[in-house]
Amino acid sequence: MKIHQIDLHYHAGRERAAGKSLRDYVMFAYVTGRRILGITDHANLHITQNPDGSLPPFTKSTENFIKIRAEMDALRSEFPEMQLFLGPELGPEFTHDKMEHALVEVSDYFICESVAFRGHAAQNTQYLLEAIERCSHIAKHTGRPAFLAHPFRSQMYHRYDTFCYGPADYAGPDNITDEEAADFLGTDLIALGDWAAKLSVPIEINGVTLYRAHCLNRPYFRDVVRHAYKVLFSRGVMFVPGSDQHLLSVGEGATPVPEDTFDILGLETKDIVFLERIGARFL
Amino acid sequence: MKIHQIDLHCHAGKSLKETLSFAHSTWRRIVGITEVVYNEKTETFENGSQNALSLEDFLQLRAEVDQLKSEFPDMQLFLAPEISAAFDYTALDDQWIAASDYFFCLPEEDKITTECMLSQPERAHAISRHTGKSTFLAYPFRSLWISRIQAGHRAPEKYAGPKGLTDEAVISALGFDLHAFAHMAVSLGVAVEINGETYSRIRSYNHPYYYDVLQRAYEILHRRGVSLVPGSGLRGFRPGKSGFAVPEETFEILGISGSDIRFLDQIGAKRI
């Protein structure tokens, strides 16, 4: 089994394209080679109407997940080669003491987000450390594993928005230092890595972050994010592959699992400890 | 100069100034602005008539490009109409030609045979001869490869990575004689674009095989002496969220740097 076959962050809930069913999304996952699939939806998403005026498939968050769970379970027999899981994505407002029992019951694991902060390194690092701790508490109190999603996304945008593009004479990824990556992404990578390793909280290597870095055209953005993951890896952090795909539109929203970054780190499927935590089978 | 700084396929979009600002902030320095010229009687394009250039539109775009040069002094701006497959290029008169720095043309999207593919470099060559301006062939594999995938072409069950992809396997996957195509392009002196949009779309299919086939197809062209051109195909963007990139990675894998892009000499671009 290869890394691109594992996608633990695959949006297929309320943000589905109009007219698309969960089955359509699972089918797309299947034909794009995904075999261990973590279906997710933003737990804090409460919309009453789709942008096209149609009614959303669900009305309330917890009910949403109960229905997705039932739909997902019903699809298993149609996709016997796939292992399907449900992992709601929890914004920073979710803490272990505010988790609805029904939500926990239907979930196989949780995806935790940090505050989407753009700014100083000290504050950003603080938010990330808190998110790691929150993730750890949620896992402990719910009995469901949890990982931290897309740790570098906001700060990467922040750099672009504030006209920071990296060195003018950038000569390739081998020249990026640990300090430079930490500074560029406004994150104390050592502190983040050590804290995540200590609390045994995995961190996602996120497809959308790398896709968006790629869209910024200058390879520095992609390379600096990859370097940051290298630093985390050197501190003993465990990683989780997730595309964070929201749309099915090929070339305009459908994003791949970032297998190439795992390749660069020398990580294989057997190294994805999180799979064991959720009871996934290696094929 | 790095490859990602060279983008010879950048759609003007609704606001040329915004597009150029985005191009500048994404580090592009040699930029070829384009819009599609197509046959409105027989062709339709996704974005409707806003992308169909009349001569009047085109001359206006030329004036805009020239006017904006002073606002982007560290960029070299060019203007190049993108000629659709069904457009009668002999209709390009002296005014069109005088206002164009170069041309590039699209392959036919619904006829994927060796014969059809071989006719694409011939068409680019004919446009170049008619206009007296350099002309390259844009995204040669986009529709072709995507349509093959959508028709059910799947990665081998035990795919072991790009090293195991032979020329024959790539040719079989794409469904036409790539060697003959390369020979035709070289013999006619037609450059072929390595296109960012194609990579973006192919990556959406997740399995590395699809991406690797594309890479290896370009490798075959390069090995056979085809001149390659970097172009993103940028068409609309949301800064920090979307926007096709110049596929620098592929050029790196092929060992091609900015100084190797022969097409730049043909259009008088200076490498900085």
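Residues numbered from 1 in each chain as written. Chains lettered and ligands numbered in written order. Predicted model: local features only at pLDDT ≥ 70, side-chain atom pairs only at ≥ 80, totals over all residues.

### Focus: the overall build of chain A
And step 1. What chain A contains, in helices and strands, is 11 helices and eight strands.
And step 2. Its C-alpha atoms give chain A principal-axis dimensions of about 55 × 40 × 40 Å.
And step 3. Counting over 283 residues, chain A shows a buried share of 49%.
And step 4. Counting only contacts in chain A whose residues sit at least 6 apart along the sequence, the fraction spanning at least 24 positions is 76%. (Helix = DSSP H or I, 4+ residues; strand = E, 2+ residues; numbered from the N terminus. Buried ≥ 20, exposed ≤ 12 C-beta atoms within 10 Å, placed from the backbone. Contact = placed C-beta atoms within 7 Å.)

### Details of unusual backbone geometry
And step 1. For phenylalanine 163 of chain A, which is not a glycine, the phi torsion comes out positive at approximately 65°.
And step 2. Examined against the element boundaries, phenylalanine 163 of chain A turns out to sit in the loop between α5 (153-161) and α6 (178-184).
And step 3. According to the C-beta neighbour criterion, phenylalanine 163 of chain A is exposed, with 7 such atoms within 10 Å.
And step 4. For tryptophan 27 of chain B, which is not glycine, the phi dihedral falls at a positive 75°.

### Section: helix α9 (residues 208-223) of chain B
All names here are of chain B.
And step 1. The first and last C-alpha atoms of α9 sit 22 Å apart over 16 residues, in line with the 22 Å expected at 1.5 Å per residue.
And step 2. Summarising burial for α9: 13 of the 16 residues are buried, a large majority.
And step 3. Following α9 by one or two positions, glycine 225 has its phi on the positive side, about 95°. (Expected span 1.5 Å × (residues − 1).)

### Some points on the sheet that holds strand β3 (residues 83-86) of chain A
Each strand in a sheet pairs with its neighbour through backbone hydrogen bonds, running either in the same direction (parallel) or in the opposite one (antiparallel).
Residues and elements named next belong to chain A.
And step 1. Judged by pairing direction, the sheet is parallel, and its three strands sit side by side in the order β1-β2-β3 without closing on themselves. Edge strands, defined here as strands with exactly one partner in the open sheet, are β1 (6-11) and β3. In this sheet, neighbouring strand axes are inclined to one another by 25° on average, regardless of whether the strands run parallel or antiparallel.
And step 2. As paired strands, strand β2 (residues 36-40) and β3 are joined by four bridges and run parallel to one another. Looking at β3, one finds that leucine 37 is bridged to leucine 84. (Pairing = 2+ DSSP bridges. Axes fitted to C-alpha atoms, helices over the stretch in contact; angles between N-to-C directions.)

### Comments concerning the nonpolar core
Nonpolar side chains in soluble globular proteins tend to end up buried together.
And step 1. Of all hydrophobic cores here, the largest spans 151 residues; its most connected members are Cys112 and Phe147 of chain A.
And step 2. Excluding anything up to four places from it in sequence, cysteine 112 of chain A contacts Leu90, Ala131, Arg134, Cys135, Ile138, Ala146, Phe147, Leu148 and Ala149 of chain A. (Core = buried A, V, L, I, M, F, W, Y, C linked by C-beta atoms within 7 Å.)

### Let's talk about the interface of chain B and chain A
In many analyses, interface size is given as the accessible surface area lost on bringing the parts together.
And step 1. Taken together, the 22 residues of chain B in the interface contact 21 residues of chain A.
And step 2. Counting residues per element, the side of chain B that touches chain A draws most heavily on helix α8 (residues 196-203) of chain B, which supplies four residues.
And step 3. Looking at the side of chain B that touches chain A residue by residue, the class counts come to seven nonpolar, nine polar and six charged. (Nonpolar A, V, L, I, M, F, W, Y, C, P; charged D, E, K, R; others polar.)

### Quick word on the environment of tyrosine 218 of chain B
And step 1. Examined against the element boundaries, tyrosine 218 of chain B turns out to sit in helix α9.
And step 2. Note: C-alpha distance between tyrosine 218 of chain B and serine 143 of chain B (75 residues apart in sequence) is 15 Å.

### As for the environment of glutamine 5 of chain B
And step 1. Mapped onto the secondary structure, glutamine 5 of chain B falls in the segment before β1 (6-11).
And step 2. Setting aside chain neighbours within four positions, we find glutamine 5 of chain B in contact with Trp27, Arg28, Arg29, Ile30 and Gly258 of chain B.

### Brief notes about the sheet that holds strand β2 (residues 30-34) of chain B
Residue and element names in this part refer to chain B.
And step 1. In spatial order, the strands read β1-β2-β4; together these three strands make up an open sheet with parallel pairing. Either end of the sheet is taken by a strand with one partner, and the two such strands are β1 and β4 (76-79). Averaged over all pairs of adjacent strands, the angle between their axes in this sheet comes to 25°, without regard to strand direction.
And step 2. With four bridges joining them, β2 and β4 adopt parallel strand pairing.

Without other data, these values stay purely geometric and don't point to any function.
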